[in-house]
Amino acid sequence: MKNNTKYGYYPIQRPLPFDDLPTEDEVCLVPSTVTKSRRVTSKNSIESILEHRDDTLLFMTMAVTMTSMNEMPIVHAYNGPIPTDIRGINRAVPQRLFHIAPHFYFEDSRILQYWNKPFETEKKLSNFKVSLGIDFSMTNEMTRPQKMHASFLNKLWVAWLQSRGHKVIPNVSFPDEWQEDYWIEGWPRHSVIAISSVGVLTHGNPKEWLKAVERIRKVLQPIYILRYGPKIPDENNENCIYFDNDNSRSANGW
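Each value, and the rule that gives it
One numbering rule holds for all chains: residues counted from 1, following each sequence as written. Residues qualify for local features only when their pLDDT is at least 70, as the model is predicted, and side-chain atom pairs are given and counted only at 80 or more; totals for whole chains, interfaces and linings, by contrast, use all residues. Only heavy atoms go into the side-chain values, all of them from the structure, while hydrogens and water stay out. For two strands to be treated as a pair, DSSP must find at least two bridges joining them. For the purposes of this entry, the term helix denotes a DSSP run of H or I that reaches at least four residues, the term strand denotes a run of E that reaches at least two, and both are numbered from the N terminus. Each axis is a line fitted through C-alpha atoms, and for a helix only the stretch in contact is used; angles between axes span 0 to 180 degrees, taken between their N-to-C directions. Throughout this description, buried means an accessible area under 20% of the type-specific maximum (1.4 Å probe, protein chains only), exposed means over 50%, and partly exposed covers the range between. As used here, the arc belongs to the directions running from the helix axis to the C-beta atoms. By the convention used here, residues are in contact when the closest approach between their heavy atoms is within 4.5 Å. By convention a nonpolar core is built from buried Ala, Val, Leu, Ile, Met, Phe, Trp, Tyr and Cys residues, the set being connected through side-chain atoms within 4.5 Å. Any Lys or Arg side-chain nitrogen located within 4 Å of an Asp or Glu carboxyl oxygen qualifies as a salt bridge. Each Phe, Tyr or Trp ring, with Trp reduced to its six-membered ring, pairs with another whose centre is within 6.5 Å; inter-plane angles below 30 degrees give stacked pairs, above 60 give edge-to-face pairs, and intermediate values give tilted ones.

Undergrad: Just to check I follow, could you spell out the sheet that holds strand β9 (residues 192–196) for this structure?
TA: As a general point, the strands of a sheet are linked pairwise by backbone hydrogen bonds and lie either parallel or antiparallel. Ordered by their spatial adjacency, three strands build an open sheet running β9-β10-β11, and the pairing between neighbours is parallel. Only two strands of the sheet have a single partner each, and these edge strands are β9 and β11 (240–243). Averaged over all pairs of adjacent strands, the angle between strand axes in this sheet comes to 25°, irrespective of strand direction. By the bridge criterion, four bridges tie strand β10 (residues 224–228) to β11 in an arrangement that is parallel. When the bridges of β11 are listed, isoleucine 225 appears paired with cysteine 240.

Undergrad: How should the pairing of β9 be read in this particular structure?
TA: Every regular strand shows the same layout, with side chains that alternate between the two sheet faces. When you tally the buried positions in β9, you get five out of five residues, the bulk of the element. Burial of β9 is two-sided: the residues Val192, Ala194 and Ser196 facing one way and the residues Ile193 and Ile195 facing the other way are all buried. As defined by bridge partners, β9 adjoins β10 across five bridges and the pair is classed as parallel. When the bridges of β10 are listed, valine 192 appears paired with tyrosine 224.

Undergrad: I would appreciate a short explanation of helix α5 (residues 118–125) in the present structure.
TA: Helical geometry note: an α-helix holds 3.6 residues per turn, so side chains three or four residues apart project in the same direction. Residues Pro118, Thr121, Glu122 and Leu125 constitute the buried set of α5. Mapping the buried residues of α5 onto a view down its axis gives an arc of 105°, with all of them on the same face. Buried positions along α5 lie against α2 (58–61), α3 (89–92), β6 (101–103), α4 (108–115), β7 (131–132) and α6 (144–163).

Undergrad: Quick question: what am I supposed to make of the nonpolar core here?
TA: Buried together is how nonpolar side chains tend to be arranged in soluble globular proteins. Grouped together as the largest cluster of nonpolar side chains are 48 residues, with contacts concentrated most on Phe104, Trp115 and Trp157. Broken down by secondary-structure element, the contributors of at least two residues to this core are α2, α4, α6, β9 and α8 (206–220). With ten residues, α6 is the largest single contributor of residues to this core. Every residue in contact with tryptophan 115, bar those within four places of it in the chain, is listed here: Leu57, Met60, Ile134, Phe136, Leu153, Leu156 and Trp157. Of all hydrophobic cores here, the second largest spans twelve residues; its members include Tyr105, Val130, Leu132 and Phe243.

Undergrad: What am I meant to see in the pattern of salt bridges here?
TA: A side chain with one charge may pair with a side chain of the opposite charge, provided their charged atoms come close. For the structure shown, the criterion picks out ten salt bridges. Between lysine 147 and glutamate 177 there is a salt bridge, with its nearest N and O atoms 2.9 Å apart. Of this pair, lysine 147 sits in helix α6 while glutamate 177 sits in the loop between β8 (168–169) and β9; the two residues are 30 residues apart in sequence, bridging distant segments of the chain. What makes lysine 147 buried here is its relative accessible area of 4%. We classify glutamate 177 as partly exposed; its relative accessible area is 29%. In this structure, the salt-bridge partner of aspartate 181 is arginine 215, at a minimum N-O distance of 2.6 Å. Here aspartate 181, found in the loop between β8 and β9, pairs with arginine 215, found in helix α8; they are 34 residues apart in sequence, far enough to count as distant.

Undergrad: Would you take a moment to explain the environment of phenylalanine 128 for this structure?
TA: Checked against the element boundaries, phenylalanine 128 lands in the loop between α5 and β7. Through-space distance from the C-alpha of phenylalanine 128 to that of proline 102 is 7.9 Å; in sequence the pair is 26 residues apart. Leave out the neighbours within four places in its chain, and phenylalanine 128 touches Ala92, Val93, Leu97, Phe98, Ile100 and Pro102.

Undergrad: I keep staring at unusual backbone geometry and nothing clicks. Help me out?
TA: Negative phi values dominate among residues other than glycine, just as trans dominates among peptide bonds. The phi dihedral of glutamate 71 is positive, around 50°, even though this residue is not glycine. By the secondary structure assignment, glutamate 71 is in the loop between β4 (66–67) and β5 (86–88). Looking at glutamate 71, the relative accessible area reads 29%, which means it is partly exposed. If you check the backbone angles, arginine 96 has positive phi at about 55° while not being a glycine.

Undergrad: For this particular structure, what's the right way to read the packing of aromatic side chains?
TA: The description of an aromatic ring pair uses the distance of the two centres, along with the angle that the planes make with each other. If you walk through the whole model with that rule in mind, you get 14 aromatic pairs. Plain terms: the ring middles of phenylalanine 59 and tryptophan 160 are 5.6 Å apart, the flat faces sit at 90° to each other, and that makes the pair edge-to-face. Linking phenylalanine 59 in helix α2 with tryptophan 160 in helix α6, this pair joins segments that are 101 residues apart in sequence. Residue phenylalanine 59 is classed as buried on the basis of its relative accessible area of 1%. By relative accessible area, which is 1% here, tryptophan 160 ends up buried. Residues phenylalanine 98 and phenylalanine 128 carry aromatic rings whose centres are separated by 5.2 Å and whose planes lie at 80° to one another, so their mutual orientation is edge-to-face. With phenylalanine 98 in the loop between α3 and β6 and phenylalanine 128 in the loop between α5 and β7, this pair connects stretches of sequence that are 30 residues apart. Aromatic rings pair up to connect Phe59, Phe104, Phe106, Tyr114, Trp115, Phe119, Phe136, Trp157 and Trp160 into one cluster.

Shown next, in the form of structure tokens:
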């Protein structure tokens, strides 16, 4: 299904169901990156795959556009209203806090409970005006392929929900090796984004964290950064909106 549309200097295939691929300056692409899509021959097979979960994730990957260098999902910018508060989906749903934005800032095993039931989770998120993207970990103990896989899943979740009409704020997470390109490839430019600092002061590397955030500012040029968790010493707070760690709030009876 090729057409004459160009993405930057490169021809692209326009995949289903997107018909509004972002312009080149709206998404972060590493140098010499073109986009890819999956070739589909049967309309019935498309509908069947997109509406049913399977372990290959085809129902997600066929719904989004990928970059070619690292085949990362391309995420659209969010420029809507800023949420008044951010709470864990595990609290926001049962408490019916539909005026806030639910997040996934907790351990990977708990995120998997939602990831493994994508349509059920999507139904829960449909009650909210906007949600934050998931936050699978990229820790020093992990190998590079594991970190790339986590970055892929974080972007795929946002891009898939966006393809189904949901408003999602990209949660930009990153490894200590912030000079790498794979983790920033595919995230949108000129968007409201979210960044978490939970655990940085106790288990992370604050200096490298600051360098990564500065790279995000330079490359993605975010409109606002929704900062979840404690402030980091010497952090640039320009265009930042800070939200407390509600896991700590809950532990303290807030």
